[in-house]
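Each chain, written out:
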Amino acid sequence: MTQAPTPTADTVRRLVRSLLKESATGTPGPDIRPVAAGGEHSTWWVGTRYVLRLAPDREAAARQRRELRLRDLVRPHLPVAVPAGVTHGEWAPGLTYTLDTAIPGGTAEEHDVSAVGEADLAGLLTGLREVPVRQAETLGVPRTPPRSLEALRRMAVPAAERLAVADEFDPAPLLHFTSPGAAQLAAQAGTAVLVHHDLKGEHLVVSADGRVRGVLDWTEAAVGDPAEDIAGLALAVGSGAAVRAATLAGYGARPCLRGLWLARCDTVIRLADRLEGRDDSPLPLLRTQLRRAWEAILLERVSDLREDDADEET
């Protein structure tokens, strides 16, 4: 198998010169600098107006091509911005790029989301639920089955105990989340919607006043469990804000609590993996996500779920 090329600053500079007319007049052109945040794409700031993303392999290129079509599908349904493409093509044989207009603002890792911003997130969740699933699947968006919360809980318990030994986490709250509780929060049939599936702080564009202005990177989008996006918001903005946004979007107690516990188990497992050398994510970020996911909220008693919650979700 041929080794995929690695994009360099020179690669990006040459590509940008060929794309932007202002760079083809003999002037130096805009500054080119890599985006600090991680991700599977090689992502570069092009001056202050554009963002260039280069797919590193053919699988990522296929997702990027799908993303371009999906963004056009979801844009009319959302109250927040979706990146708009200036141009796209191939930067190497079979490897795609997209040059997008930058959405002004910082990230949810840089700015706190305000109460009005929570309403923006509610509009995001509402809009995603309104996107026609069949149209998304026609574009190639995959359908993913819901994860087993019980299997995740079983993985999280020993991970939490290892974190306790390292003085990183008190496992008591997780130990109170039992197998019957996980079973009660199993995904309900017929609730699949379009989910971003990678909602995290770096993918939420947040302005200094706490409004959510845009959502980036739709390459992982899928038709699946809406609790996954609630879980993503718990990691990005905290459990309280995530549950309030989901409730405003019309989700009942069951999907809210399911999303909360998906996030909690995920953060415990990932932090344990990082401390044991099986994950290379930034340690401060994982600790922050753990703290956010384990925020205490009022909607905590699984035993209070009503049987008609499933009806509220439809």
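Residues numbered from 1 in each chain as written. Predicted model: local features only at pLDDT ≥ 70, side-chain atom pairs only at ≥ 80, totals over all residues. Heavy atoms only, no water.

Asks: How should I be thinking about the sheet that holds strand S4 (residues 84-92) in this particular structure?
Replies: In any sheet, the strands associate via hydrogen bonds between backbone groups, in a parallel or an antiparallel arrangement. Spatial strand order, S1-S2-S3-S5-S4: five strands in an open sheet with antiparallel pairing. At either margin of the open sheet sits one strand with a lone partner, and together these are strand S1 (32-34) and S4. Neighbour-to-neighbour, the strand axes of this sheet turn through a mean angle of 25°, independent of strand direction. Bridge count between strand S3 (residues 50-54) and strand S5 (residues 95-101): five bridges; the pairing is antiparallel. In the strand pairing of S5, Arg53 is matched with Thr98. Strands S1, strand S2 (42-46), S3, S4 and S5 of the sheet are contacted by helix H1 (residues 9-19), whose axis makes an angle of about 120° with S3. Its contacts with the sheet place helix H2 (residues 58-74) against S3, S4 and S5, and it is angled at close to 35° to S5. (Pairing = 2+ DSSP bridges. Helix = DSSP H or I, 4+ residues; strand = E, 2+ residues; numbered from the N terminus. Axes fitted to C-alpha atoms, helices over the stretch in contact; angles between N-to-C directions. Contact = heavy atoms within 4.5 Å.)

Asks: Sorry, what's going on with the confidence of the model for the protein chain here?
Replies: Any segment with low pLDDT has predicted coordinates that should not be analysed in fine detail. Chain-level statistics for the protein chain give a pLDDT mean of 91 and a share of 90% at 70 or above. Note on residues 310-314: pLDDT is under 50 here. Beyond four places in sequence and across chains, it has eleven contacts. (pLDDT = per-residue confidence, 0-100.)

Asks: Can you walk me through the side chain of His203 in this structure?
Replies: Locating His203 in the fold gives a position in the loop between strand S7 (193-195) and strand S8 (204-206). A relative accessible area of 6% means that His203 is categorised as buried. Reaching out from His203, the side chain makes a polar contact with the backbone oxygen of Asp198 at a distance of 2.9 Å. Excluding residues within four positions of it along the chain, His203 makes contact with His196, Asp198, Gly214, Val215, Leu216 and Asp217. (Buried < 20%, exposed > 50% of the residue type's maximum accessible area, 1.4 Å probe, protein only. Polar contact = N/O pair within 3.5 Å; in protein donor to acceptor, adjacent residues only side chain to side chain.)

Asks: What's the story with the pairing of strand S9 (residues 212-215) in this structure? I'm lost.
Replies: Within a regular beta strand, the side chains point alternately toward one face of the sheet and then the other, so they alternate between its two faces. With three bridges connecting them, S8 and S9 associate as antiparallel partners. Each bridged residue has a counterpart across the sheet, and for Val206 the counterpart in S9 is Val212. Hairpin connection from S8 to S9: five residues lie between these consecutive antiparallel strands, with Gly210 at a positive phi of about 90°.

Asks: Any chance you could explain the sheet that holds S9 here in plain terms?
Replies: Taken together, three strands build an open sheet; the order of strands is S6-S8-S9 and the sheet is antiparallel. Pairing within the sheet leaves two strands with one partner each, and these edge strands are strand S6 (106-107) and S9. As paired elements, S6 and S8 share two bridges and run antiparallel to each other. The partner of Gly106 across the bridge, within S8, is Val206.

Asks: Hey, could you run me through the side chain of Asp279 in this one?
Replies: When you line up the elements, Asp279 lands in the loop between helix H10 (253-275) and helix H11 (283-293). There is a polar contact of 2.6 Å between the side chain of Asp279 and the backbone nitrogen of Ser281. Once residues lying within four places of it in the same chain are set aside, the contact partners of Asp279 are Arg270, Asp273, Arg274 and Leu286.

Asks: Can you walk me through the packing of aromatic side chains in this structure?
Replies: Each aromatic ring pair is summarised here by two numbers: the centre-to-centre distance and the angle between the ring planes. Throughout the structure, instances matching the rule amount to three aromatic pairs. Aromatic side chains Trp261 and Trp294 sit 5.5 Å apart centroid to centroid with 90° between the ring planes, which places their arrangement in the edge-to-face category. One end of the pair, Trp261, is in helix H10; the other, Trp294, is in the loop between H11 and helix H12 (309-313), and 33 residues separate them in sequence. The burial state of Trp261 is the same as that of Trp294; both residues are buried. An aromatic cluster is built from Phe169, Phe177, Trp261 and Trp294, whose rings are joined through pairwise contacts. Arg129 extends its terminal NZ or CZ atom over the ring of Tyr251, reaching a point 4.4 Å from the ring centre. For Arg264, the ring lying beneath its charged end belongs to Trp261, and the centroid distance is 4.8 Å. (Phe/Tyr/Trp six-rings, centres within 6.5 Å; stacked < 30°, edge-to-face > 60°. Lys NZ or Arg CZ within 6 Å of the ring centre and 35° of its normal.)

Asks: It is not clear to me how helix H9 (residues 239-248) should be interpreted in this structure. Could you clarify?
Replies: Along an α-helix, a turn takes 3.6 residues, which lines up residues three or four apart on a common side. Counting buried positions along H9 yields seven of ten residues, so the element is predominantly enclosed. Among the residues making up H9, those that are buried are Ser239, Gly240, Ala241, Ala242, Val243, Ala245 and Ala246. Contacts made by the buried residues of H9 are with helix H3 (115-130), helix H8 (227-237), H10 and H11. Of the residues trailing H9, Gly250 is marked for its positive phi of about 100°.

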